[in-house]
Amino acid sequence: MANHNEHIAGPSPKTSKVIIAVNTSHGVGYFTDCEGRMLFNKQFEEVRTFAEGLAHVKQNGKWGFINTKGEEVVPCKYEGAWWFHEGFAQVDQNGKSGFINTNGEEVIPCNYDDTGRFSEGLAPVKQNGKWGFLNAKGEAVVPCQYDKVEEFNEGFSRVGQNGKWHYINTNGEEVVPCKYDDVGWFHKGFAQVVQNGKIGYINTMGEEVVPFLYDDGNYFSDGLANVKRNEKWGYVNTKGEEVIPCTYDWAAGFEEGLANVKRNDKWGYINTKGEEVIPCTYDWAGSFSEGLAKVVQNGKSGYINTMGEEVVPFQYDDGDDFSEGLANVAHNEKWGYVNNQGKEVIPCTYDWAAGFEEGLAKVQNDEIASIINKEGKVIVAACEYWETYWSVVEIE
């Protein structure tokens, strides 16, 4: 009889960790953890970051895949390989492309002239100079009949034929006539389209919701798109109404409820009602990120909050957006980091410094790169890296 007090083991819990893929200029690639410890006790010719639990590695001039334990799950036999996406990876063999699954099975043979990654269940493939789409079973959902295609986004792909562009859905149906000179991605249900040199917007039904009146434009954000007409910028809503007139020398998209705008050579911020909530008094102003925006005054950079209050003083020569609570800034031609309280937490001692991602950042001195953490500790020591990236993976 079973002992009901006995623990019955379930699936092992998974934890997340950062794995760094390091490639040196000496033709050596390897992996480390976020403490700089080498993983798997292996070196390769080249390595790439993990995606969906697998990383592609190069050995003896051929590519294969390893798992997060360092085990080779796909032998290094391919001429080319790319990241896994939606459970499949593109691979090249004998000058042709196909797809493998995470078990290393070649589910779509390498018979195609070119391929793109899977998106929304379909992958673009090229054969005899034309593009179409396959599903995960390798079945042709869209025949190879288009001159150009893009991956699916919000249920639609941009496709080009005979110099014109339109959209198809995931069933391969042409939902918008092939009549536009250019088309953009769908974003939040709307896309920019170009006809006779003018920009308008359509919805997912193919209806033209913003007329072709504009010379330039960007995606909708907070229900508004920044558009340009007669050399001035303003905003339209999703009904096609110009709710903020085109009176600005420049107007960016809305971020965190505010947009940076330029008038009379000075920069400030407006809200979605068109109210100038931070006056146009700055020499330059960037978009908000994590509640702070870089602004320039008298040649010096600082950061303000959404109330227009100065958080980081105007003492830096340059700077980038805040990321993970820190911004990379330059002072006297050296780079370091400030926090969102305005404190310089990593001194400006580097020739160059990138923003933080997953708790790590690249820095450089004398053309030699290193990777540091948020405490400024060197995780991967100085070396002539030509490519170093990292990703978060789940480990059992």
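Quick summary incoming for the structure in this document. (Residues numbered from 1 in each chain as written. Predicted model: local features only at pLDDT ≥ 70, side-chain atom pairs only at ≥ 80, totals over all residues. Heavy atoms only, no water.)

Within the chain, the secondary structure is distributed over zero helices and 43 strands. Considered along the principal axes of its C-alpha atoms, the chain spans approximately 70 × 60 × 55 Å. In the chain, which comprises 396 residues, the share counted as buried stands at 46%. Restricting the contact set of the chain to residue pairs at least 6 apart, pairs at least 24 apart contribute 29%. A total of about 19,400 Å² of accessible surface is found on the chain, and carbon and sulfur atoms cover 45% of it. Charge separation in the chain, taken as the distance between the mean sites of 35 positive and 60 negative side-chain charges, equals 2 Å. (Helix = DSSP H or I, 4+ residues; strand = E, 2+ residues; numbered from the N terminus. Buried < 20%, exposed > 50% of the residue type's maximum accessible area, 1.4 Å probe, protein only. Contact = heavy atoms within 4.5 Å. Areas by Shrake-Rupley, 256 points an atom, 1.4 Å probe, with all protein chains shown as cover. Lys, Arg positive; Asp, Glu negative; His and termini not counted. Charge placed at Lys NZ, Arg CZ, Asp CG, Glu CD.)

Turning our attention to unusual backbone geometry. Positive phi, close to 55°, is recorded for N264, a residue that is not glycine. Relative to the assigned elements, N264 resides in the loop between β28 (259–263) and β29 (266–270). The class for N264 is exposed, based on a relative accessible area of 65%. For E324, which is not glycine, the phi dihedral falls at a positive 55°. Mapped onto the elements, E324 comes out in the loop between β35 (318–319) and β36 (326–331). Here E324 falls in the partly exposed class, since its relative accessible area comes to 29%.

Further remarks concern the sheet that holds strand β17 (residues 164–169). Read from one edge to the other, the open sheet built from four strands follows the order β15-β16-β17-β18, with strand pairing classed as antiparallel. Two strands lie at the open edges of the sheet, namely β15 (148–149) and β18 (174–180), each paired on one side alone. Pairing between β15 and strand β16 (residues 156–161): two bridges, direction antiparallel. Looking at β16, one finds that V149 is bridged to V159. (Pairing = 2+ DSSP bridges.)

What follows is about the side chain of N373. Relative to the helices and strands, N373 resides in strand β41 (residues 368–373). On the accessibility criterion, N373 (12% relative accessible area) is buried. Within the structure, N373 has its side chain in polar contact with the backbone nitrogen of E375 (distance 3.0 Å). Here the side chain of N373 touches K377 through a polar contact of 2.9 Å, landing on its backbone nitrogen. (Polar contact = N/O pair within 3.5 Å; in protein donor to acceptor, adjacent residues only side chain to side chain.)

In this section: a negative patch on the surface. Together, D222, E255, E256, E290, D320 and D321 make up a negatively charged patch on the protein surface. Relative to the helices and strands, E255 is located in the loop between β27 (250–251) and β28. The exposure class assigned to E255 is partly exposed, which follows from its relative accessible area of 39%. (Patch = residues over 30% accessible without salt bridge, like charges linked within 9 Å, V, L, I, M, F, W, Y side chains within 5 Å. Salt bridge = Lys/Arg side-chain N within 4 Å of Asp/Glu carboxyl O.)

Turning to the sheet that holds strand β19 (residues 182–183), a few remarks are in order. Consider a sheet: its strands pair through backbone hydrogen bonds, and that pairing is either parallel or antiparallel. Spatially, the four strands line up as an open sheet ordered β19-β20-β21-β22, and their pairing is antiparallel. The outermost strands of the open sheet, each flanked by one partner alone, are β19 and β22 (208–214). As defined by bridge partners, β19 adjoins strand β20 (residues 190–195) across two bridges and the pair is classed as antiparallel. Within β20, the position partnered with D182 by the bridge is V194.

This part covers the pattern of salt bridges. In the structure shown here, the tally under the stated rule is 20 salt bridges. Notably, a salt bridge pairs K130 with D147, separated by 2.3 Å at the nearest N-O pair. Taken together, the residues K130 in strand β13 (residues 130–134) and D147 in the loop between β14 (140–146) and β15 connect sequence positions 17 residues apart. Residue classification places K130 among the partly exposed residues on the basis of a relative accessible area of 29%.

Another point: the environment of V193. Here V193 is to be found in strand β20. Exposure remark for V193: the relative accessible area of 0% places this residue in the buried category. In this structure, the C-alpha to C-alpha distance between V193 and W165, residues 28 residues apart in sequence, is 8.9 Å. Beyond its immediate sequence surroundings of up to four residues, V193 is in contact with Y167, Y180, D182, V183, K198, I199, G200, Y201, I202 and F212.

For the rest of this paragraph, the subject is the pairing of strand β30 (residues 276–282). Two elements, β29 and β30, share three bridges in a ladder whose sense is antiparallel. For I270, the partnering residue across the bridge sits in β30 and is E276. In textbook terms, the turn of a hairpin is the stretch between consecutive antiparallel strands, and for β29 and β30 this stretch comprises five residues, one of which, G274, has a positive phi near 85°.

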